[in-house]
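# Breakdown of the fold
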Amino acid sequence: MIRVVLPAHLRTLAHVDGEVKIHVEGRATQRSVLDALEASYPMLRGTIRDHVTHERRAFLRFFACERDLSHEPPDAALPEAVATGAEPFLVVGAMAGGA
Amino acid sequence: MSRIRVLVGTRKGAFVLTSDGKRERWDVSGPHFGGWEIYHVKGSPADPNRLYASQSSSWFGQVIQRSQDGGKTWETMGNKFVYDGVTGTHLWYDGTPRPWEFVRVWHLEPSPSDPDTVYAGVQDAAFFRTTDGGQTWQELPGLRGHPSAPAWQPGAGGLCLHTILLDPSHPGRIFIAISSAGVFRTDDAGKTWRPMNRGLRSEGIPDPNAEVGHCVHRIAMHRSRPSVLFMQKHWDVMRSDDAGESWREISGNLPTDFGFPIDVHAHEPDTVYVVPIKSDSEHYLPDGKLRVYRSRTGGNEWEALTNGLPQRDCYVNVLRDAMAVDALDPCGVYFGTTGGQVYVSADAGDRWAAIVRDLPSVVSVEVQTLP
């Protein structure tokens, strides 16, 4: 079981409180985790990565185990602690200012 | 007695304001989708409890919401807006080619006859449609296929398709407006389009016959006379009497003819409303006074409507989709400001009152007249 922490607006959109727990078949990668997340919560499609290119949206980043994984290849293995559920995979909104 | 439902989109959520036909006491529901930009909320004429909302965010992109109970509850619909075929390029601000890139939905226009069919105007400018109630969206590519499209350039708000008018008397005829390409018309339900900008004059466009490039802020029509169109251009208030084939200026005695919204009285096709704004470099009201201007002569002769509106120290703006009319008699007129006020006049503009004063900055206002 993989734990995913979503930013507040996406938790609201997905109608979830706290962490999301998802099951990933095979190796845990950014792609497989996000595929499983979007399969369980279709309303999140397009909000974290582009529908077609699957590129991460510009104002979001991915963290785990105190590491910024945003620029890791999408098929690179996530840290073992994420794969085992010991640590969460964090989707973080940029703390940009704005109105 | 009829009821009124006002659908308000703001920079930080949607609000639903309801009243009876007197339009004096209002219930306020919201914020819905708090913290998100709501560019537009509009109801289906065929099923008034069916509402569609465009929800967006720089962080999370586009979301489409649908309500089947007049805005009490909402469900997330499809948000996949993918351009048809080869994406192509338009011009960027600096005049260099730039690939079309979807940013957000500016305007949702439900079909008058089918609650599952909705047209969407998007940034970067394109015309989309759903026929399954918002689950999937398809571009009608004829518009971007127009030979002028590679020369379209964005206005300050982006290259946005912000206005969609469905002609009630000519099936298949649709008018759209793009900042800053101008007005286009289709007579075959979106397959082919023609620019409709003859007679427009804009500073910075030396060619008086330029086919595109005008920063049209808004167009409006009366249902009973759809061949007459009214336009608030960046500067200039304009009128067409031939379904957009040609335009003439009707700014007349307006204190300034820069502005964003324009709308037509529900029962008087020659009664038109605008909100003059000081200038394109200031984007606030002239003289600190919030004045709606009304023409009862189809333009040129305008009177200031001020009763109930602040007449000092007011420096808000009224955005292009933030004015609407109801269908009651006397006609109700509504508008929202960037200062978060939504005003109503239940007597066609003679007297105004604030429904709410402290919402987030208002982007859009639509009105439903319910049985």
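What counts and how
- Residues numbered from 1 in each chain as written.
- Chains lettered and ligands numbered in written order.
- Predicted model: local features only at pLDDT ≥ 70, side-chain atom pairs only at ≥ 80, totals over all residues.
- Helix = DSSP H or I, 4+ residues; strand = E, 2+ residues; numbered from the N terminus.
- Buried ≥ 20, exposed ≤ 12 C-beta atoms within 10 Å, placed from the backbone.
- Contact = placed C-beta atoms within 7 Å.
- Core = buried A, V, L, I, M, F, W, Y, C linked by C-beta atoms within 7 Å.
- Pairing = 2+ DSSP bridges.
- Nonpolar A, V, L, I, M, F, W, Y, C, P; charged D, E, K, R; others polar.
- Axes fitted to C-alpha atoms, helices over the stretch in contact; angles between N-to-C directions.

Our focus in this paragraph is the overall build of chain A. Per the secondary structure count, chain A includes three helices and five strands. N-terminal to C-terminal, the α/β element order of chain A is β-α-β-α-β-β-α-β. Projected onto its principal axes, the C-alpha coordinates of chain A cover approximately 40 × 25 × 25 Å. Residues counted as buried form 27% of the 99 residues belonging to chain A. Of the contacts formed within chain A by residues at least 6 apart in sequence, a portion of 57% connects residues at least 24 apart.

Below, the discussion takes up the nonpolar core. Residue and element names in this part refer to chain B. Counting residues in each nonpolar core, the largest one holds 128 residues, and the members touching the most others are Val-8, Tyr-334, Val-342 and Val-365. No other element matches strand S15 (residues 174-179), which puts five residues into this core. Ignoring anything within four residues of it in the chain, the contact list for Tyr-334 reads Val-6, Met-323, Ala-324, Val-342, Tyr-343, Val-344, Val-365 and Val-367.

Before going further, it helps to examine helix H2 (residues 30-40) of chain A. Within H2(A) the residues assigned to the buried category are A:Gln30, A:Ser32, A:Val33, A:Leu34 and A:Leu37. On its buried face, H2(A) is in contact with strand S1 (2-5), strand S2 (20-22), strand S3 (60-64) and strand S5 (89-93) of chain A.

This paragraph deals with unusual backbone geometry. The omega torsion of the bond from B:Gly30 to B:Pro31 falls at 0°, within 30 degrees of zero and hence cis. Mapped onto the elements of the fold, B:Pro31 is located in strand S3 (residues 27-32).

All names here are of chain B. Taking every second residue as pointing to the same face, both faces of strand S24 (residues 292-295) are buried, with Val-292 and Arg-294 on one and Tyr-293 and Ser-295 on the other. With three bridges connecting them, strand S23 (residues 272-274) and S24 associate as antiparallel partners. Each bridged residue has a counterpart across the sheet, and for Tyr-273 the counterpart in S24 is Arg-294. Sheet topology note: the S24/strand S25 (residues 303-305) ladder contains three bridges and is antiparallel.

This part covers the interface of chain A and chain B. Interfaces are often described in size by the accessible area the parts lose on coming together. On the chain B side, the residues contacting the 14 residues of chain A number 14 residues. In terms of residues, the side of chain A that touches chain B owes the most to one element, helix H1 (residues 8-14) of chain A, which gives three residues. Taken together, the residues of the side of chain A that touches chain B sort by class into eight nonpolar, five polar and one charged.

Turning to the sheet that holds S3(A), a few remarks are in order. Residues and elements named next belong to chain A. Taking strand neighbours across the sheet as the criterion, the five strands line up as S2-S1-S5-S3-S4 in an open arrangement whose pairing is mixed. In this open sheet, the two edge strands, each paired with only one partner strand, are S2 and strand S4 (67-68). Alignment of S3 against S4, held across two bridges, turns out to be antiparallel. Note that in S4 the partner of Phe-63 across the bridge is Asp-68. The sheet contacts of H2 involve S1, S2, S3 and S5, and relative to S2 the element is tilted by about 110°.

Here we take up the sheet that holds strand S1 (residues 3-10) of chain B. Residue and element names in this part refer to chain B. Spatial ordering of the open sheet is given by S3-S2-S1-S30, a layout of four strands whose pairing is antiparallel. Two strands in the sheet have a free side with no partner beyond their single neighbour: S3 and strand S30 (362-370). If you compare each strand with its neighbour and ignore which way they point, the axes differ by 15° on average. Both S1 and S30 contribute to a ladder of eight bridges, which runs antiparallel. Bridge assignment links Arg-5 to a residue of S30, and that residue is Gln-368.

Time to look at the environment of B:Gly172. All names here are of chain B. With respect to the element layout, Gly-172 can be found in the loop between strand S14 (160-166) and S15. On the basis of neighbour counts, which here come to 12 C-beta atoms within 10 Å, the residue Gly-172 falls in the exposed class. Taking C-alpha positions, Gly-172 is 19 Å from His-162, a pair spaced 10 residues apart along the chain. Contact partners of Gly-172, with chain neighbours within four places excluded, come to Asp-187, Asp-188 and Ala-189.

Before going further, it helps to examine the environment of B:Gly43. Residue and element names in this part refer to chain B. Within the secondary structure layout, Gly-43 lies in strand S4 (residues 37-44). In the structure, Gly-43 is positioned 32 residues away from Glu-75 in sequence and 15 Å away in space, judged by C-alpha atoms. Among all residues touching Gly-43, those that are not within four sequence positions of it are Leu-7, Pro-48, Arg-50, Leu-51, Pro-110 and Gln-368.

So far we have only geometry, and geometry alone does not tell us how the molecule works.
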